[in-house]
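# Reading the structure
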Amino acid sequence: MESRLTKILYIAYTVLTGLTFSSIFIVYEMASVIFVFLATSIIFLIFSILGRNSKVDLRKFGIYLFVGLLSILILSLINIFIMNNTLDMLLCIIGVIIFIGYVYYDINKIVNYYNDTDNMAVVGAFQLYLDFINIFLKLLRLFGRERD
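An account of the accompanying structure is given in this report.

## Section: unusual backbone geometry
Positive phi values are uncommon outside glycine, yet methionine 83 reaches one of about 50°. For methionine 83, the location among the structural elements is in the loop between helix 4 (62-82) and helix 5 (85-113).

Next up, the structure:
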């Protein structure tokens, strides 16, 4: 029962996220969205392969990634009030780096440390989904062309 609920919640979240992010197609040119999606997919694939094949125990890097993520969140909230474009661009670049690190970290963690339960599979899928979405959004903010 718990496994079914976990899957239903994951699917509901992905559907809601898809609906929420459908506005991307209104704001950005289609060619730009496709280019950034392909770039994100390639980056995700490369770092997934690296994380899958890494023999290094990456669990100790999780805390550094988390601190980086919290720092980005706090600085982003501050930037809402000061509206500094340079800081926004810097936060996007650092965000891409942090979420690439999360892809590497999460894949390594899933392959080496998760057991084979259905809930762990859904948790791993959720973590990778968030990594992909965040890389995509950061790259879209950096390289996406807005519609006129």
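## Structural notes on helix 3 (residues 30-53)
Here helix 3 is 24 residues long and its end C-alpha atoms lie 35 Å apart, about the 34 Å a rise of 1.5 Å per residue gives. Of the positions making up helix 3, those classed as buried are Ser32, Val33, Val36, Thr40, Phe44, Ser48 and Gly51.

## Considerations on helix 5
For helix 5, spanning 29 residues, the distance from its first C-alpha to its last is 40 Å, which sits close to the expected 42 Å at 1.5 Å a residue. Measuring from the backbone nitrogen of threonine 86 back to the side-chain oxygen at the start of helix 5 gives 2.8 Å, which picks out asparagine 84 as the cap.

## A word on the pattern of salt bridges
Going through the model one piece at a time under the given rule, you end up with three salt bridges. Across the salt bridge formed by arginine 145 and glutamate 29, the nearest N and O atoms sit 3.8 Å from each other. Taken together, the residues span a long stretch of sequence, with arginine 145 in the segment after helix 6 (118-143) and glutamate 29 in the loop between helix 2 (24-27) and helix 3 at a distance of 116 residues. Note that arginine 141 and aspartate 88 form a salt bridge whose closest N and O atoms lie 2.5 Å from each other.

## Considering the nonpolar core
Counting 23 residues, the largest nonpolar core has Ile24, Val33, Tyr102, Ile135, Phe136 and Leu140 as its most contacted members. Secondary structure elements with two or more residues in this core: helix 3, helix 4, helix 5 and helix 6. Looking at this core element by element, the count peaks at nine residues for helix 5.

## Some remarks on the packing of helix 4 against helix 5
Between helix 4 and helix 5, the shortest axis-to-axis distance is 10 Å and the interhelical angle comes to 155°. Classified by the interaxial angle, the pair formed by helix 4 and helix 5 is roughly antiparallel. Crossing of helix 4 against helix 5: the hand is left-handed. In this structure, helix 4 contributes Gly62, Leu65, Phe66, Gly68, Leu69, Ile72, Leu75, Ser76, Asn79 and Ile82 to the contact, and helix 5 contributes Leu87, Asp88, Leu91, Ile94, Gly95, Ile98, Phe99, Gly101, Tyr102 and Tyr105. When grouped by side-chain class, the residues that make up the contact of helix 4 with helix 5 number 13 nonpolar, six polar and one charged.

## Points about the packing of aromatic side chains
Scanning all chains against the criterion turns up nine aromatic pairs. Ring geometry for tyrosine 13 and tyrosine 129: centres 6.2 Å apart, planes at 80°, overall edge-to-face. Here tyrosine 129 lies in helix 6 and tyrosine 13 lies in helix 1 (residues 2-20), a separation of 116 residues in the sequence. A relative accessible area of 33% places tyrosine 13 in the partly exposed class. Their ring planes at 75° and their centres at 6.2 Å tell us that phenylalanine 37 and phenylalanine 136 sit as a pair that is edge-to-face.

## Focus: the environment of arginine 59
Mapped onto the secondary structure, arginine 59 falls in the loop between helix 3 and helix 4. Separated by 54 residues in sequence, arginine 59 and tyrosine 113 place their C-alpha atoms 9.4 Å apart.

The rules we used
- Residues numbered from 1 in each chain as written.
- Predicted model: local features only at pLDDT ≥ 70, side-chain atom pairs only at ≥ 80, totals over all residues.
- Heavy atoms only, no water.
- Helix = DSSP H or I, 4+ residues; strand = E, 2+ residues; numbered from the N terminus.
- Expected span 1.5 Å × (residues − 1).
- Buried < 20%, exposed > 50% of the residue type's maximum accessible area, 1.4 Å probe, protein only.
- Polar contact = N/O pair within 3.5 Å; in protein donor to acceptor, adjacent residues only side chain to side chain.
- Salt bridge = Lys/Arg side-chain N within 4 Å of Asp/Glu carboxyl O.
- Core = buried A, V, L, I, M, F, W, Y, C linked by side-chain atoms within 4.5 Å.
- Axes fitted to C-alpha atoms, helices over the stretch in contact; angles between N-to-C directions.
- Parallel < 35°, antiparallel > 145°, perpendicular 65-115°, else oblique.
- Left-handed = near helix turned anticlockwise from the far one by under 90°.
- Contact = heavy atoms within 4.5 Å.
- Nonpolar A, V, L, I, M, F, W, Y, C, P; charged D, E, K, R; others polar.
- Phe/Tyr/Trp six-rings, centres within 6.5 Å; stacked < 30°, edge-to-face > 60°.

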